[in-house]
Amino acid sequence: MKLTVKVPNENPKNLNFSVTINLNEACARHHKTLFFCSNIRTGIDRGVDIQRMIDYVNWYGEEILFKKFEVEENYLFTLLDEDHYLIKRALKEHRRIKRLFKIDAKNPMKNLIYIEEELDLHIRFEEKQIFPELEKNATPTKLKKINERFNTLLTNMDWHDRFWL
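Here the structure is a predicted model, which means the values were calculated and not measured. Each chain carries its own residue numbering, running from 1 in the written order of its sequence. Where local features are concerned, this predicted model is filtered to residues with pLDDT of at least 70; where side-chain atom pairs are given and counted, the filter is 80 or more; whole-chain, interface and lining totals use all residues. With hydrogens and water set aside, each side-chain value is computed from the structure's full complement of heavy atoms.

1. Focus on the packing of aromatic side chains
Thought 1: Aromatic rings from Phe, Tyr and Trp, taking only the six-membered ring of Trp, are treated as a pair when their centres fall within 6.5 Å; an angle between ring planes under 30 degrees marks them as stacked, one over 60 as edge-to-face, and anything in between as tilted. Counted according to the given criterion, the structure contains twelve aromatic pairs.
Thought 2: Geometrically, the ring pair formed by F36 and Y60 is stacked, given 3.9 Å between the ring centres and 10° between the ring planes. In this pair, F36 sits in helix α1 (residues 24-45) while Y60 sits in helix α2 (residues 50-76), placing the two residues 24 residues apart along the sequence.
Thought 3: Ring geometry for Y56 against W159: centres 6.0 Å apart, planes inclined by 45°, an arrangement best described as tilted. The way it works is that DSSP assigns letters per residue, a run of H or I at least four long becomes a helix, a run of E at least two long becomes a strand, and they are numbered from the N terminus.

Below, the structure written as structure tokens:
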């Protein structure tokens, strides 16, 4: 957890602290998801065998992304009301992205491109619009629980075929 403490230059007896709580572990997971998107782009650009990329995408979806969505939905998003327009949009995007992971055997490249593009846009939406709202309602105790949940997830480095290197 990253804390920023502002100490006023006034009388030390009346110190007021303004604490900003960052969703650092959620942000770290988002950056790892952006890395996943970059890996797909790199694989496409380098002409990597499509089955290698599909295997990676399927593994990432099942072992990392969908579990990350569960942590967000069950812990992180509960910091706001379930009827909040940002939460509704995020949940809708989660459903759409999950559907994209059902790779079409006739045109798998199309799915890979859509996954990469939609996931990239979704991550940026959450970081720029949802996270600032969540931080307004986060407490250190809640954030500790959320960070612990995110810390249990695997990462890209757990995948054995690093075709993007």
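2. What about helix α4 (residues 108-137)?
Thought 1: Take the number of residues in a helix, subtract one, and multiply by 1.5 Å to get its expected span. In a regular helix each residue adds 1.5 Å, so 30 residues correspond to 44 Å; α4 covers 41 Å between its end C-alpha atoms and thus fits that length.
Thought 2: The quantity called bend is, for any residue, the angle between two axes fitted respectively to the seven residues ending at it and the seven beginning at it. If you look at α4, its biggest bend is around 45°, right at I130, and the proline P132 turns up within four residues after that.

3. Some remarks on helix α5 (residues 140-151)
Thought 1: Helix length check: α5, at twelve residues, gives a terminal C-alpha distance of 16 Å against a target of 16 Å (1.5 Å per residue), a fit within 8%.
Thought 2: Relative accessible area decides the class of each residue, using a 1.4 Å probe on protein chains only: under 20% of the type maximum gives buried, over 50% gives exposed, and in between gives partly exposed. Taken residue by residue, α5 has L143, I146, N147 and F150 as its buried positions. Projected down its long axis, α5 shows its buried positions confined to an angular sector of 100°, all on one face. Relative to its buried face, α5 has exposed residues pointing more than 90 degrees away, namely T141, K144 and K145. In this description, one arc is meant: the one made by directions from the helix axis to the C-beta atoms.

4. Focus on the pattern of salt bridges
One side chain can pair with another of opposite charge once the charged atoms of both are near each other.
Thought 1: Take a side-chain nitrogen of Lys or Arg and a carboxyl oxygen of Asp or Glu: if they are within 4 Å of each other, that pair is a salt bridge. According to the stated counting rule, one finds nine salt bridges in the structure shown.
Thought 2: The residue K68 makes a salt bridge to E72 at a minimum N-O spacing of 2.7 Å. Here the residue K68 and the residue E72 both occupy positions in helix α2, the gap between them amounting to four residues, near one helical turn.
Thought 3: Here K68 falls in the buried class, since its relative accessible area comes to 1%.
Thought 4: By relative accessible area, which is 1% here, E72 ends up buried.

5. Section: a positive patch on the surface
Thought 1: Without a salt bridge and with relative accessible area above 30%, a residue can belong to a patch; like charges are then joined within 9 Å and nonpolar side chains (Val, Leu, Ile, Met, Phe, Trp, Tyr) within 5 Å. The Shrake-Rupley method, run with a 1.4 Å probe sphere, supplies the accessible areas, and residue values consider only the shown protein chains as cover. In summary, the charge assignment counts Lys and Arg as positive and Asp and Glu as negative, without counting His or the chain termini. Working definition for charges: the position is that of NZ of Lys, CZ of Arg, CG of Asp or CD of Glu. A cluster of basic side chains, namely K92, R95, R99 and K102, defines a positive patch on the protein surface.
Thought 2: For K92, the location among the structural elements is in helix α3 (residues 85-100).

6. Some thoughts on the packing of α1 against α2
Thought 1: Direction vectors running N to C along α1 and α2 enclose 160°, while the axes themselves pass 12 Å from each other. Comparing their axes, α2 and α1 come out roughly antiparallel. The handedness of the crossing between α1 and α2 is left-handed. Along its contact with α1, which presents A26, R29, H30, K32, T33, F36, N39, I40, G43 and I44, the element α2 presents M53, Y56, V57, Y60, L65, K68, E72 and L76. Between N-to-C directions, angles cover 0 to 180 degrees, with each direction set by a line fitted to C-alpha atoms, over the stretch in contact for helices. Roughly parallel refers to an angle under 35 degrees, roughly antiparallel to one over 145, roughly perpendicular to one between 65 and 115, and oblique to any angle outside these ranges. Crossings are classed by handedness, with left-handed meaning an anticlockwise turn of the near helix from the far one by less than a right angle and right-handed meaning a clockwise turn. Two residues qualify as a contact provided that any one of their heavy atoms is within 4.5 Å of a heavy atom in the partner residue.

7. Observations regarding the side chain of T33
Thought 1: One can find T33 in helix α1.
Thought 2: We call two N or O atoms a polar contact when they sit within 3.5 Å, provided that within protein one can donate a hydrogen and the other can accept it, with sequence-adjacent residues counted only if both atoms are side-chain atoms. Among the polar contacts listed, one links the side chain of T33 to the side chain of Y60, at a separation of 3.1 Å.
Thought 3: Ignoring anything within four residues of it in the chain, the contact list for T33 reads Y60, L65, K68, L119 and I123.

8. Some remarks on the packing of α3 against α4
A pair of packed helices is characterised by two quantities: the angle between their axes and the separation of those axes.
Thought 1: Contact pair α3 / α4: the axes reach a minimum separation of 10 Å and the direction vectors enclose 160°. What the angle tells us is that α3 and α4 run roughly antiparallel. Remark: the crossing between α3 and α4 carries left-handed chirality. Here L86, R89, A90, E93, H94, R96, I97 and L100 of α3 lie close against α4, whose contacting residues are N111, Y114, I115, E118, L119, H122, F125, E126, Q129, I130 and E133.
Thought 2: Each residue gets one of three labels, nonpolar for Ala, Val, Leu, Ile, Met, Phe, Trp, Tyr, Cys and Pro, charged for Asp, Glu, Lys and Arg, and polar for the others, Gly among them. In terms of residue class, the contact of α3 with α4 is built from nine nonpolar, four polar and six charged.

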